[in-house]
Amino acid sequence: MDARELAVKGVLEFSPTVFRDDRGLLVSHYQEEALMMARGRPLFPVAQTLHTESRRGVVRGVHYTATPPGAAKYVYCSRGEALDILVDIRVGSPTFGRTVATRLDQRDFRALYIPVGVGHAFVALRDGTVMNYLLSASYAPANELALSPLDPELRLPLPDLSLPDLSGPNGSGPVLSARDRAAPTLSRAGAEGLLPSYDRCVEIDAELSERACARPR
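The text that follows walks through the structure, step by step, so that each part is easy to find. Since we're looking at a predicted model, the values are computed, not measured.

The rules behind each value
Residues numbered from 1 in each chain as written. Predicted model: local features only at pLDDT ≥ 70, side-chain atom pairs only at ≥ 80, totals over all residues. Heavy atoms only, no water. Core = buried A, V, L, I, M, F, W, Y, C linked by side-chain atoms within 4.5 Å. Buried < 20%, exposed > 50% of the residue type's maximum accessible area, 1.4 Å probe, protein only. Helix = DSSP H or I, 4+ residues; strand = E, 2+ residues; numbered from the N terminus. Contact = heavy atoms within 4.5 Å. Pairing = 2+ DSSP bridges. Axes fitted to C-alpha atoms, helices over the stretch in contact; angles between N-to-C directions. Phe/Tyr/Trp six-rings, centres within 6.5 Å; stacked < 30°, edge-to-face > 60°. Expected span 1.5 Å × (residues − 1).

## Brief notes about the nonpolar core
A general tendency of soluble globular proteins is for nonpolar side chains to be buried together. The biggest cluster of nonpolar side chains holds 19 residues, and the ones touching the most others in it are Tyr64, Ile85, Ile89, Leu147, Leu154 and Leu195. Those elements that place two or more of their residues in this core are β6 (59-65), β8 (81-88), β11 (118-124) and α3 (186-191). Those residues within four positions of isoleucine 89 in sequence are excluded, and the remaining contacts are Tyr64, Phe96, Gly117, Gly119, Leu147, Leu186, Leu195 and Pro196.

Put into structure tokens, the structure is as follows:
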């Protein structure tokens, strides 16, 4: 499994070897040895897994968790195709405001390690796109926050969602939840003190790693 750090500090992309034969294929989305070599730490203790299915043109995000408690994620696409978008919204981060996008699909089976405090969104590029998450924290509605994916300040590299094959009903543009459509801009969230602190996010990431190292092997 190959690994590389993306343009948002702490975000890692993993590209596994896919073994194909006349029966089908075999792939390992997560390998602790690869993560240890790339990050120097094991994966966080997994508190919850999550599976989403989306039709073409659906945009989910930009989502993040109030910090503390914060949440780290390990994400991959097990069916279909998605443009996965990450935004550094950690105040004080050396890459604050930077956005990076990568295509996740069932051909290359790339996966992403997303540290605490990094905003996450994706666009489903095919019907029936399935995204799978490993999470360091259990879902708690009161802690779940969002930014508008249409905020011009974020400049998300969204595909042309006015195209018929990537638009909502009657060509109405991206398919968003009511929550995401009403989410604040980056500037408004910052003014309201809703953005996480980079230093605190780093501390929580370290605490998660300490807990992972303390697990019985």
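## Here's the deal with the pairing of strand β12 (residues 129-135)
The side chains of a regular strand alternate between both faces of the sheet. For β12, the buried fraction is high: 7 of the 7 residues fall into the buried class. A two-sided burial pattern is seen for β12, the buried positions comprising Thr129, Met131, Tyr133 and Leu135 on one face and Val130, Asn132 and Leu134 on the other. Judged from the 6 bridges that link them, strand β7 (residues 73-79) and β12 form a sheet pairing that is antiparallel. Paired with cysteine 77 across the strands is methionine 131, a residue of β12.

## A few points about the sheet that holds β8
A sheet is described by the order of its strands in space; here 5 strands give the open sequence β9-β8-β11-β6-β13, paired in antiparallel fashion. Edge positions in the sheet fall to β9 (99-105) and β13 (144-146), since each has one partner strand and no second. Neighbour-to-neighbour, the strand axes of the sheet open up by a mean angle of 30°, direction not taken into account.

## Some points on the packing of aromatic side chains
Two measures describe an aromatic ring pair: the distance that separates the ring centres and the angle between the ring planes. All told, the structure shown has 3 aromatic pairs when counted by the stated rule. Seen from their ring centres, tyrosine 30 and tyrosine 74 are 5.2 Å apart, and the 80° between their planes marks the pair as edge-to-face. Of the two residues, tyrosine 30 is situated in the loop between β4 (24-27) and α1 (32-39) and tyrosine 74 in strand β7; the sequence distance between them amounts to 44 residues. On the basis of relative accessibility, which here comes to 1%, the residue tyrosine 74 falls in the buried class. Taken together, Phe14, Tyr30 and Tyr74 form an aromatic cluster joined through their ring pairs.

## Side note on helix α4 (residues 198-213)
Structurally, the α-helix is built with 3.6 residues per turn, so residues lying three or four positions apart point the same way. Helix length check: α4 (16 residues) gives 23 Å between terminal C-alpha atoms against 22 Å at 1.5 Å per residue, within 8%. Those residues of α4 hidden inside the fold are in contact with α1 and β10 (111-114).

## Side note on unusual backbone geometry
The peptide bond linking glycine 61 to valine 62 adopts the cis configuration, its omega dihedral lying at 15°. Here valine 62 is to be found in strand β6. Between proline 68 and proline 69 the backbone carries a cis peptide bond, its omega angle lying at 10°. Summarising the element assignment, proline 69 is placed in the loop between β6 and β7. Despite not being glycine, phenylalanine 109 has its phi angle at roughly 60°, a positive value. Tracing the backbone through its elements, the reader meets phenylalanine 109 in the loop between β9 and β10. Judged by relative accessible area, phenylalanine 109 falls into the buried class, the value being 6%. A positive phi angle, close to 50°, is found at arginine 155, a residue other than glycine.

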